[in-house]
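One letter stands for each residue in the lines below.
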Number of protein chains: 2
Amino acid sequence: MKLYNFFRSSAAFRVRIALNLKGLAYDCVPVHLAKGEQKQPAFAAIAPQGLIPVLELDDGRRLTQSMAIIEYLDETHPQPALLPADAPGRARVRALAQIVACDIHPLDNLRVLKYLSRELKADEDARNGWYRHWVRLGLQAYEAQLASQPGVFSHGDAPTLADCCLAPQIFNARRYECDLSGLPRVMAAFDACMSLSAFQRAQPSACPDAE
Amino acid sequence: MKLYNFFRSSAAFRVRIALNLKGLAYDCVPVHLAKGEQKQPAFAAIAPQGLIPVLELDDGRRLTQSMAIIEYLDETHPQPALLPADAPGRARVRALAQIVACDIHPLDNLRVLKYLSRELKADEDARNGWYRHWVRLGLQAYEAQLASQPGVFSHGDAPTLADCCLAPQIFNARRYECDLSGLPRVMAAFDACMSLSAFQRAQPSACPDAE
């Protein structure tokens, strides 16, 4: 498998974690988002949407959208499971993942920050305020969900799809100096994640294209 | 079941479609987002995140996040299926749904438009430009995906999770007068959806709380 990757993309980071948790080897193909390589013809031919990550399977088929990719990996390589066996548990894990993947990250990714700057003339302070606002709101919601059930990770005592999404978001939050106070369960889940080699080896600084 | 609903919420619209496709009856509990009812203590006790939809099951359990809710409904009421049986098909349908639910809608929902207006002082033209930009980019990506395979709906000849997400997005796009030209497969899928009673009965104007 080939992962079209940018070391700093948190959506790609989610997939790197899932691949590592499943013990699946992959080749990393760097696409430098900050330099706009996703808009070059070479990558546009591969992924017309110009978004990272894309997972190319050995049969040439290409999968897009990080959560869809991780569910595919979970269905085709069931162990260790990244979703619980029970429907309510699965709904909870997916909802947690979607707090990050639908309510936080889409607002804070690079193309949006660029739009704020170029089209809406938002200065650095305004962009940082925007970034921190959505991270804070989303992580508080995540914390409230975690507080309702015990467990070391986001759901129980093993990492799930939710943790694949949470950990990269905490990296981003720290990079933008977001307020991470008052989030004891979120930060405990993050620490539990980062104690695992699968998460450590997936982090931006461990990528071949890291700067 | 009870659906905490706002007639104009496209995320709630997705769940209404799925409930109708599954033939599941539900009570509609209106939460008026434009009047800020989601921030009132009554709803905050139900959903700390203050987001619509919330599906309350008969056992009192509450599910959040529209895609997670629809997958739960599909797992617990398998017929008619809203996801294909094969893993690559499931990945494709989820990726399509996520183009809407991760790449378009989070940028264009009410709380974001309010932030643009209040915090970034974006005027109506700037907000409309923002809205249309993300809709157009996302729908073009959706179109490119559809063009790669035959089918009347987003995936094959029956509605799936992807169509549950697409149809509400087209309603929103029309409301904001977005450019929908050059999207033949997308609009054909939308028309196929709206030929079905399950979609018709879920549309905003058919909601008990419609204005």
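A brief structural summary. The numbering scheme is per chain: residues are counted from 1 as the chain's sequence reads. For this description, chains carry letters from A and ligands carry numbers from 1, given in the order in which they are written. The predicted nature of this model means local features are confined to residues of pLDDT at least 70 and side-chain atom pairs, given and counted, to a pLDDT of 80 or more, with totals for whole chains, interfaces and linings taken over all residues. Computation of side-chain values covers all heavy atoms of the structure but excludes hydrogens and water.

1. Focus: the interface of chain A and chain B
Line of reasoning, step 1. With 40 residues of chain A at the interface, the matching set in chain B holds 40 residues.
Line of reasoning, step 2. By buried area we mean the combined loss of accessible area, with a 1.4 Å probe, across both parts when two parts are placed together. In this assembly, chain A packs against chain B so that about 3600 Å² is buried in total across both faces, 65% of it on carbon and sulfur atoms.
Line of reasoning, step 3. The largest per-residue losses of area from chain A upon contact with chain B belong to Gln65, Arg111 and Tyr115 of chain A, which jointly make up 15% of the total buried on that side.
Line of reasoning, step 4. Just to be clear on terms, a salt bridge is a Lys or Arg side-chain nitrogen sitting within 4 Å of an Asp or Glu carboxyl oxygen. Salt-bridge contacts for Arg94 of chain B lead to Glu75 of chain A; the nearest nitrogen and oxygen are separated by 3.0 Å.
Line of reasoning, step 5. We define a polar contact as two N or O atoms separated by no more than 3.5 Å, with the added condition that, inside protein, one atom must be a possible hydrogen donor and the other a possible acceptor, whereas residues neighbouring each other in sequence contribute only through side-chain atom pairs. Where chain A touches chain B, the interface holds 14 residue pairs in polar contact (both at pLDDT 80 or more).
Line of reasoning, step 6. A run of H or I in DSSP becomes a helix once it reaches four residues, and a run of E becomes a strand once it reaches two; helices and strands are each numbered from the N terminus. Of all the secondary-structure elements, those providing two or more residues to the side of chain A that touches chain B are strand 4 (62-64), helix 3 (66-76), helix 4 (87-108), helix 5 (110-118) and helix 6 (124-146) of chain A.
Line of reasoning, step 7. Ten residues, namely Ala, Val, Leu, Ile, Met, Phe, Trp, Tyr, Cys and Pro, are considered nonpolar, four, namely Asp, Glu, Lys and Arg, are considered charged, and the remaining ones, Gly among them, are considered polar. Each residue belonging to the side of chain A that touches chain B can be placed in one class, and the counts come to 25 nonpolar, eight polar and seven charged. Note on definitions: a residue-residue contact is assigned when non-hydrogen atoms from the two residues lie within 4.5 Å.

2. Observations regarding the sheet that holds strand 4 (residues 62-64) of chain B
All names here are of chain B.
Line of reasoning, step 1. Here the rule is simple: two strands pair whenever DSSP picks up at least two bridges between them. Spatially, 2-1-3-4 is the arrangement adopted by the four strands of the open sheet, whose pairing is mixed. Each edge of the open sheet carries a strand with a single partner, namely strand 2 (27-30) and strand 4. Recorded for the sheet is a direction-independent mean angle of 25° between the axes of neighbouring strands.
Line of reasoning, step 2. Sheet topology places strand 3 (residues 54-56) next to strand 4; three bridges connect them, and they run antiparallel. Residue pairing in the sheet places Leu55 in a bridge with Leu63 of strand 4.
Line of reasoning, step 3. For helices, the fitted line uses only the C-alpha atoms of the stretch in contact; every axis is such a line through C-alpha atoms, and the angle between N-to-C directions lies from 0 to 180 degrees. Sitting on the sheet, helix 3 (residues 66-76) is in contact with strand 3 and strand 4, with an inclination near 125° to strand 4.

3. Some remarks on the packing of helix 6 (residues 124-146) of chain B against helix 7 (residues 161-175) of chain B
Residue and element names in this part refer to chain B.
Line of reasoning, step 1. Relative to each other, helix 6 and helix 7 sit at 145°, their axes nearing to 11 Å. For the pair helix 6 and helix 7, the crossing hand works out as left-handed. On helix 7, the residues that touch Tyr131, Val135, Leu139 and Tyr142 of helix 6 are Ala162, Asp163, Leu166, Gln169, Ile170, Asn172 and Ala173.
Line of reasoning, step 2. The class makeup of the residues in the contact of helix 6 with helix 7 is eight nonpolar, two polar and one charged. Take the far helix as your reference; a near helix turned counterclockwise from it by less than a right angle gives a left-handed crossing, and one turned clockwise gives a right-handed crossing.

4. Focus: the sheet that holds strand 1 (residues 2-5) of chain A
Residue and element names in this part refer to chain A.
Line of reasoning, step 1. Read across the sheet, four strands follow the order 2-1-3-4 without closing on themselves; strand pairing throughout is mixed. Edge positions in the sheet fall to strand 2 (27-30) and strand 4, since each of these pairs with one other strand and no more. In this sheet, neighbouring strand axes are inclined to one another by 25° on average, regardless of whether the strands run parallel or antiparallel.
Line of reasoning, step 2. Bridge analysis of strand 1 against strand 2 gives four bridges, and the strand direction is parallel. Bridged to Lys2 within strand 2 is Asp27.

5. Looking at the relation of the copies chain A and chain B
Line of reasoning, step 1. The copies were overlaid by least squares, fitting only the C-alpha atoms of residues that reach a pLDDT of 70 or more in each copy. Of the transformation superimposing chain A on chain B, the axial component is 0.0 Å and the angular component is 180°, with the fit at an RMSD of 0.0 Å. Within this description, the copies of the chain are treated as partners about a two-fold rotation axis. Identified as the residue of chain A closest to the rotation axis by C-alpha distance is Cys102 of chain A, at 2.4 Å.
Line of reasoning, step 2. Most of the interface of chain A is mirrored in chain B: 100% of its interface residues are interface residues there too.

6. So, empty space enclosed by the protein
Line of reasoning, step 1. A 1.4 Å probe that fits into a set of points on a 1 Å grid over the protein atoms alone but cannot get out defines a cavity; an open set with protein on both sides within 12 Å along at least five of seven lines defines a pocket, and lining residues are those with an atom within 4 Å of a point. Grid points are joined across faces, edges and corners, and a volume is the space filled by probe spheres set on the points. Under the criterion given, the structure shown has two cavities of 30 Å³ or more.
Line of reasoning, step 2. Counted as a void, the largest cavity has a volume near 60 Å³.
Line of reasoning, step 3. Taken together, Met67, Glu71, Arg94, Gln98 and Leu161 of chain A together with Met67, Glu71, Arg94 and Gln98 of chain B make up the lining of the largest cavity.
Line of reasoning, step 4. Looking at the lining of the largest cavity, the elements that each hand over two or more residues are helix 3 and helix 4 of chain A together with helix 3 and helix 4 (87-108) of chain B.

7. With respect to the layout of surface pockets
Line of reasoning, step 1. Taken as a whole, the second largest pocket encloses approximately 1200 Å³ of empty space.
Line of reasoning, step 2. In terms of lining, the second largest pocket is formed by 49 residues, of which the most central are Leu33, Leu51, Asn109, Leu110 and Arg111 of chain B.
Line of reasoning, step 3. Of all the secondary-structure elements, those providing two or more residues to the lining of the second largest pocket are helix 4 and helix 6 of chain A together with helix 1 (10-22), helix 3, helix 4, helix 5 (110-118) and helix 7 of chain B.
Line of reasoning, step 4. Residues of the lining of the second largest pocket, tallied by class, amount to 23 nonpolar, 16 polar and 10 charged.

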